[in-house]
Amino acid sequence: MSVRAFANYVHDWETPELAAEVHCILDAIDAPPIDDHGLFTFQKILYRRKYFDYDARGQIILTCRCILESEGNGGAFAEPFVSAVYGVCSKQSFADRGLDLVAAFDHIPLQEIVKTMRGLDLFKEPSIGHYLSMIVQNKVRKILFPPQPEPPPKPSKQERIAADKRATAAARNKNVERKMDLGRKLAALRDTLPSNQKFGWAVRKQFGLDNPLEVAEMMRVARRYGKRPEIFRNVGWRVLTELASSATSEEERRKFEVKIAAGERVDGAEIIRARSSNGLGRSRGTGREGTVSADMNADRCGRG
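About the cut-offs
- Residues numbered from 1 in each chain as written.
- Predicted model: local features only at pLDDT ≥ 70, side-chain atom pairs only at ≥ 80, totals over all residues.
- Heavy atoms only, no water.
- Phe/Tyr/Trp six-rings, centres within 6.5 Å; stacked < 30°, edge-to-face > 60°.
- Helix = DSSP H or I, 4+ residues; strand = E, 2+ residues; numbered from the N terminus.
- Buried < 20%, exposed > 50% of the residue type's maximum accessible area, 1.4 Å probe, protein only.
- Lys NZ or Arg CZ within 6 Å of the ring centre and 35° of its normal.
- Polar contact = N/O pair within 3.5 Å; in protein donor to acceptor, adjacent residues only side chain to side chain.
- Contact = heavy atoms within 4.5 Å.
- Axes fitted to C-alpha atoms, helices over the stretch in contact; angles between N-to-C directions.
- Parallel < 35°, antiparallel > 145°, perpendicular 65-115°, else oblique.
- Left-handed = near helix turned anticlockwise from the far one by under 90°.
- Nonpolar A, V, L, I, M, F, W, Y, C, P; charged D, E, K, R; others polar.
- pLDDT = per-residue confidence, 0-100.

A. The arrangement of the packing of aromatic side chains in detail. Tallied over the full model, the rule gives four aromatic pairs. On the numbers, 6.0 Å between centres and 35° between planes, the contact of Phe94 with Phe145 is tilted. Within this pair, whereas Phe94 is found in helix 6 (residues 92–95), its partner Phe145 is found in the loop between helix 9 (128–144) and helix 10 (157–192), the two being separated by 51 residues in sequence. Under the relative-accessibility criterion, Phe94 is labelled buried at 2%. Each ring, one from Phe123 and one from Tyr131, has its centre 5.3 Å from the other, and the planes form 50°; the classification is tilted. For Phe123, a relative accessible area of 23% corresponds to the partly exposed category. When its relative accessible area of 35% is taken as the criterion, Tyr131 is described as partly exposed. Across the ring face of Phe145, the terminal group of Arg97 is positioned such that the distance to the ring centre comes to 5.2 Å. Sitting over the ring of Phe199, Arg190 keeps its end group 4.9 Å from the ring centre.

Printed below as a string of structure tokens:
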């Protein structure tokens, strides 16, 4: 076929009937006039529907809406923009997003993109439509389906163990803080009420506590360690009760306090073993609060 013959070649979709159908679609949505190249693109879409089962009219309308209803793209109702936008609207994964797809073009300045492409002196004019289509699809995909961050890696066994230890320590510290605060309040109340009977009655009324040993224990710990966070925030309640016990000698107590303040691990059983090696048994609850616990028995703490 000669060059002149090729120039005069008429494609099968360049028919008055298809042109009339396109104009009917555009008139129905109040679209502005479109250039011949854009018109031929829409005619081609309608022509191909007899070979492929798809909603040709719907794709044309969606293509027009993406261009005409998006911000700043009203002047792009022509080729090569129509073909590039149609390439997006013809993909089901994009078309299914409906209004989200139309809104995505608010962030895609079609004319500016082509202007930039031409300014690069990188693309031949016949190839601009092809590469524009690729650019538009990539931009729409990024807007509608942004990349999701990779899920964080699963913690290792060592990390899980460390996390469990932190959670255990946090729960332990919360319990210690609660009992320490209560012990301070009980000690302050005790200083104002020397009578065991009156003190026991007040404790039951104000704090709902009726176990004299528990009350004496919290007071004893609070008096000795209530102002020493370097001690009570690093160990559990049992360690504090064994340290504060009168069964623990001052020498042993100071040794353990130094270890705790230095961040070393200390447990209640270790303190009891140290007492046993020195000929002392388990705590019997003596000392000032210990005396209270011995004297303020169940009958006198609330029942006497």
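What follows continues from the structure just given.
B. Structural context of the side chain of Thr241. On the secondary structure map, Thr241 appears in helix 14 (residues 237–244). There is a polar contact of 2.7 Å between the side chain of Thr241 and the backbone oxygen of Arg238. Apart from the residues within four sequence positions on either side, Thr241 is in contact with Glu217 and Val221.

C. Focus on the packing of helix 8 (residues 110–119) against helix 9. Running from amino to carboxyl end, helix 8 crosses helix 9 at an angle of 130°, the nearest separation of the two axes being 11 Å. As the angle between them shows, helix 8 and helix 9 are arranged oblique. Like other packed secondary-structure pairs, helix 8 and helix 9 cross with a definite hand, here right-handed. Residues Leu110, Ile113, Val114, Met117 and Arg118 of helix 8 touch helix 9, and the partners they reach there are Ile128, Tyr131, Leu132, Ile135, Val136 and Lys139. Residue classes in the contact of helix 8 with helix 9 are distributed as nine nonpolar, no polar and two charged.

D. Representation of unusual backbone geometry in the model. Omega for the bond connecting Glu79 with Pro80 falls within 30 degrees of zero, at 5°, which places this linkage in the cis form. Among the structural elements, Pro80 can be located in the loop between helix 4 (56–68) and helix 5 (81–89). Positive phi, normally seen in glycine, also occurs at Asp121, with a value near 55°. Along the chain, Asp121 turns up in the loop between helix 8 and helix 9. Overall, Asp121 belongs to the exposed group, its relative accessible area being 72%.

E. Geometry of the confidence of the model for the chain. With 88% of its residues at a pLDDT of 70 or more, the chain shows a mean pLDDT of 85. Under a pLDDT of 50 for its full length, residues 1–7 has, in the predicted model, two contacts with residues more than four places off or in other chains.

F. View of the packing of helix 10 against helix 12 (residues 212–225). Relative to each other, helix 10 and helix 12 sit at 95°, their axes nearing to 7 Å. Our classification of the angle between helix 10 and helix 12 gives roughly perpendicular. For the pair formed by helix 10 and helix 12, the contact residues are Lys179, Met180, Leu182, Gly183, Arg184, Leu186, Ala187, Arg190 and Asp191 on the first element and Val215, Met218, Met219, Val221, Ala222, Arg223 and Tyr225 on the second. Tallied by class, residues from the contact of helix 10 with helix 12 come to 10 nonpolar, one polar and five charged.

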